[in-house]
Amino acid sequence: MNIHEYQAKTLLKSFGAPVADGGVAMTPAEAEAAAKNLPGPLWVVKAQIHAGGRGKGKFKESEAGEKGGVRLAKSAAEVREFAAQMLGNTLVTKQTGPAGKQVNRIYVEDGADIARELYLSILVDRATSRVAFVCSTEGGMDIEAVAEETPEKIHTVLVDPAAGYSPYVGRKIAAALELDGDLVKQCVKLMGQLYKAFVEKDMALLEINPLIVTEGGNLHVLDAKVGFDNNAMYRHPDIAELRDLTEEDEKEIEASKYDLAYIALEGDIGCMVNGAGLAMSTMDIIKLYGAEPANFLDVGGGASKEKVTAAFKIITADPNVKGILVNIFGGIMKCDVIAEGVIAAVREVGLKVPLVVRLEGTNVEKGKKIISESGLDVIPADDLDDAAQKIVKAVKG
Ligand code: ADP
Ligand code: MG
């Protein structure tokens, strides 16, 4: 689960991190009021969407056009004007995809005097099973280019899980960020606060880009992107409350109700698979035969007929889906349960696209019989290769 920048900043502030003052607004009038609560003379109006790259983003309509989702304003009236241009408008950034995201909230905060823009993130490094700090002196809006062109400018500092965070880790980061004097002290303190927030709140990612050094010689969190481990949400009801459903894909919201692991993708072949590994290889083989998957969907090991029906409905409701591939290996999952779920869903919502079903494993004969006796127009397949070729052919002709 992801949260907005302003929510992340409030959270980090509660751990003591230096964050600028600001206020969230849903209307231009609220934005002006938020600006009047701040000292000025410089305000920043920031579009709140669950995607980065706002500064260099472009709005689809209106005068805001090329000016992006992060703008400096010199008066409260100007804050109101920028807010009016952003709210309700669609912002397209490198991270939103071409469809962009509608801006429903904006954040108005104090303008900062920036001397240096640094990059810092914390994540779980799966290769070493450790929490990793990733940092660079080259922070700001072009970090993707830095990672691609000058990867040596990006440093990783790992934290030993037995020892936890210690000032030594903070000093290593300070050295990588080329900080000296009092800034080293500030860095050691801030990294400790961020590490604590990361671990206590079960974050999956905490990214501060930029982390700035102000003209006055202070470290400041200027942007914050935070994502949480969904599997740990049950122990953070306060965080769960921050969820903004308008930022999420409707199909993914529906899938989460049934506890289905579903991720919407850009292709046109809908997939229903049991097991994450099999789902990944199903996506791979669809690509191998020249098409693109419309989704990742793992119905899980012991899915019920209701869960399978819900999954099938989510797939068929996607207008991008031009064909469906059901690929099930029955272990704990029984093939007849899958067959019944698919048929129940088709009876309810109809079937307008070709459907290839490949069943293998527990109760496979029973499953195949249920499908063949259903009278549905299903293309049966024997193995993964056969199934992928058949669905790609059915979709592409
Ligand atoms: P994004 O990463 O989505 O583009 P940021 O919050 O990082 O959004 O803002 C982009 C740039 O705007 C920053 O790199 C910084 O230069 C500038 N900026 C952001 N917030 C402020 C602020 N409060 N004061 C001054 N400049 C800011
Ligand atoms: Mg940023």
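Residues numbered from 1 in each chain as written. Chains lettered and ligands numbered in written order. Predicted model: local features only at pLDDT ≥ 70, side-chain atom pairs only at ≥ 80, totals over all residues. Heavy atoms only, no water.

1. Things to note about the side chain of Q48
Residue placement: Q48 occurs in strand β2 (residues 43-48). Among the residues examined, Q48 registers a relative accessible area of 1% and is labelled buried. At 3.3 Å, the side chain of Q48 and the backbone oxygen of K46 are in polar contact. Not counting chain neighbours up to four residues away, the residues in contact with Q48 comprise H4, E5, Y6, R54, V103, R105, I106, Y107 and E247. (Helix = DSSP H or I, 4+ residues; strand = E, 2+ residues; numbered from the N terminus. Buried < 20%, exposed > 50% of the residue type's maximum accessible area, 1.4 Å probe, protein only. Polar contact = N/O pair within 3.5 Å; in protein donor to acceptor, adjacent residues only side chain to side chain. Contact = heavy atoms within 4.5 Å.)

2. Comments concerning the coordination of the magnesium ion (ligand 2)
Within the first shell, the magnesium ion (ligand 2) binds the protein through N209 (O) and D223 (OD), at distances of 2.1 to 2.2 Å. Of this pair, N209 sits in strand β11 (residues 203-214) while D223 sits in the loop between β12 (219-221) and β13 (225-228); the two residues are 14 residues apart in sequence, bridging distant segments of the chain. Residue classification places D223 among the buried residues on the basis of a relative accessible area of 19%. (Donors = N, O, S within 2.8 Å, 3.2 Å for Na, K, Ca; no water.)

3. A few points about the site of ligand 1
Near ligand 1 there are 18 residues, and of these K46, R54, G55, E109 and E117 occur at the shortest range. Within the side chain of K46, a nitrogen or oxygen atom sits 2.7 Å from an oxygen atom of ligand 1. Between ligand 1 and D110, the relevant distance is 3.0 Å, taken from a nitrogen atom to a main-chain nitrogen or oxygen of the residue. For ligand 1, whose accessible area on its own is 540 Å², the fraction buried by protein is 90%. If you count residues domain by domain, the shell around ligand 1 takes at least three from each of domain 1 (21-110) and domain 2 (114-239). (Near = heavy atom within 4 Å. Areas by Shrake-Rupley, 256 points an atom, 1.4 Å probe, with all protein chains shown as cover. Domains from an automatic or database assignment.)

4. Points about the packing of helix α11 (residues 335-349) against helix α12 (residues 364-373)
At a minimum axis distance of 7 Å, the contact between α11 and α12 shows a crossing angle of 20°. The angle between α11 and α12 places the two elements in the roughly parallel class. Seen along the crossing, α11 lies across α12 with a hand that is right-handed. Every residue of α12 that contacts α11 at C335, D336, A339, E340 and I343 is listed here: V364, K366, G367, I370 and I371. (Axes fitted to C-alpha atoms, helices over the stretch in contact; angles between N-to-C directions. Parallel < 35°, antiparallel > 145°, perpendicular 65-115°, else oblique. Left-handed = near helix turned anticlockwise from the far one by under 90°.)

5. Thoughts on the domain arrangement of the protein
Annotation of the protein at the domain level lists domain 1 (21-110), domain 2 (114-239) and domain 3 (249-396). A straight line from the C-alpha centre of domain 2 to that of domain 3 covers 40 Å.

6. Considering the sheet that holds strand β4 (residues 70-73)
Across the sheet, which stays open at both edges, the four strands sit in the order β1-β7-β2-β4 with antiparallel pairing between neighbours. Two strands bound the open sheet, and with one partner strand each, they are β1 (22-25) and β4. Each strand axis lies, on average, 20° off the axis of its neighbour in the sheet, ignoring direction. In this structure, β2 lies alongside β4, joined through four bridges in antiparallel fashion. Directly across from V44, in β4, lies its bridge partner L72. Docked against the sheet, helix α1 (residues 5-14) engages β1, β2 and β7 (105-110), running at close to 50° with respect to β7. (Pairing = 2+ DSSP bridges.)

7. Observations concerning the sheet that holds strand β6 (residues 101-102)
The three strands are arranged β3-β5-β6 in an open sheet whose pairing can be described as antiparallel. With one partner strand each, in any of the chains shown, β3 (58-59) and β6 form the two edges of the open sheet. Sheet topology note: the strand β5 (residues 90-92)/β6 ladder contains two bridges and is antiparallel. The residue bridging L91 from the neighbouring strand is K101, located in β6.

8. Side note on the pattern of salt bridges
If you walk through the whole model with that rule in mind, you get 23 salt bridges. A salt bridge links K9 to E5, with the nearest nitrogen and oxygen atoms 2.7 Å apart. On the criterion of helical spacing, the pair formed by K9 and E5 is a turn pair, its members being four residues apart in helix α1. Among the residues examined, K9 registers a relative accessible area of 1% and is labelled buried. The class of E5 is buried, set by a relative accessible area of 4%. Between K257 and E254 there is a salt bridge, and its shortest N-O distance comes to 3.2 Å. Placement of both K257 and E254 in helix α8 (residues 250-257) is noted, with a separation of three residues, approximately one turn of the helix. Each of E5, K9, K46, R54, E109 and D223 takes part in a single network of salt bridges with overlapping partners. (Salt bridge = Lys/Arg side-chain N within 4 Å of Asp/Glu carboxyl O.)

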